[in-house]
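Chain and residue survey
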Amino acid sequence: MKYELVIFDCDGVLVDSERLVNRITAAFFNERGLPIEADALRTMFKGKTMADVARWAETAARPPLNADWFYELGIATAQGFQRDLQPVEGVRPVLDLLTARGGRLCVASQSPPARLALSLTVTGLGKYFGEHAYSAAQVAHPKPAPDLFLHAARQMDASPERCAVVEDSRSGVLAARAAGMTVYGYAGDEEPDTLAEAGAIVFGSMAQLPHLLCGD
């Protein structure tokens, strides 16, 4: 292993949740009189937090959403995850290989803790990380601030300059760079130029990742 610690983003890197979440969220808002397409949500909120979505919805909805809407969206998302969520194609063999080589791994995600735990449980990926799954809810500032990645490194007793981050959003790449870490940008569902311009080493298939992380 070239790195002391490998930090994975979750949505879009470990679990194939980006388009699923956008479909669920778009359907939820459309049913409540707030027209929005799934692709528009993706453009607006990729790499952002649910708090960003909530601020937009509270401002845009006319008439206002009912008081329990955020809880109801959480239930709809959890049900959709239980039914349809899958690991990102090719990521499980990568995790198997890194684990076999003694790699130290953790997760650093914008998702709330409950959604992060559900994602890893439903897909069976939680076994690779144990308790080492960290949420932006645990730090003062979410990505693109470096707080979450620095928090993960501290929890894992790793030096930032010896950490690699695997991300798929511009905000995540900027956060990792600001933390002083090497960042690999997975362009499976993102424009490669967007990730490269933010400072990532871009790759398009999970099959490429072991070579990048292990150097062989």
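Only a predicted model underlies this, so the values are computations on that prediction, with no experimental measurement involved.

1. Considerations on the layout of surface pockets
Of the voids in this model, the largest pocket is the one considered here, and its volume is about 270 Å³. Gly12, Asp16, Ser17, Val88 and Asp189 are the residues nearest the centre of the largest pocket, which is lined by 16 residues in total. In terms of residue count, the dominant contributor to the lining of the largest pocket is helix α1 (residues 18-31) (four residues). Tallied by class, residues from the lining of the largest pocket come to four nonpolar, four polar and eight charged. Approximately 210 Å³ is the volume attributed to the second largest pocket. In terms of lining, the second largest pocket is formed by Met50, Phe70, Leu73, Gly74, Thr77, Ala78, Pro112, Ala114, Arg115 and Leu118. The set of elements that each furnish at least two residues to the lining of the second largest pocket consists of α4 (69-84) and α6 (113-123).

2. Topic: empty space enclosed by the protein
All chains considered together, the criterion is met by one cavity of 30 Å³ or more. Each pocket or cavity is described by its volume, and for the largest cavity that value is around 330 Å³. Forming the walls of the largest cavity are 25 residues, and the residues nearest its centre are Glu18, Phe45, Gly47, Lys48 and Arg115. Those elements that place two or more of their residues in the lining of the largest cavity are α1, α2 (38-45) and α3 (50-60). At four residues, α1 tops the list of elements feeding residues into the lining of the largest cavity. Taken together, the residues of the lining of the largest cavity break down into seven nonpolar, nine polar and nine charged.

3. Topic: the pattern of salt bridges
Tallied over the full model, the rule gives ten salt bridges. The shortest N-O distance in the salt bridge between aspartate 11 and arginine 115 comes to 3.4 Å. Here the residue aspartate 11 occupies a position in the loop between β1 (5-8) and α1, and arginine 115 occupies one in helix α6, the gap between them amounting to 104 residues. Residue classification places aspartate 11 among the buried residues on the basis of a relative accessible area of 9%. For arginine 115, a relative accessible area of 17% corresponds to the buried category.

How each quantity is defined
- Residues numbered from 1 in each chain as written.
- Predicted model: local features only at pLDDT ≥ 70, side-chain atom pairs only at ≥ 80, totals over all residues.
- Heavy atoms only, no water.
- 1 Å grid on protein atoms, 1.4 Å probe; cavity = no way out; pocket = protein on both sides within 12 Å on 5 of 7 lines; lining within 4 Å.
- Points joined across faces, edges and corners; volume = space filled by probe spheres on them.
- Helix = DSSP H or I, 4+ residues; strand = E, 2+ residues; numbered from the N terminus.
- Nonpolar A, V, L, I, M, F, W, Y, C, P; charged D, E, K, R; others polar.
- Salt bridge = Lys/Arg side-chain N within 4 Å of Asp/Glu carboxyl O.
- Buried < 20%, exposed > 50% of the residue type's maximum accessible area, 1.4 Å probe, protein only.

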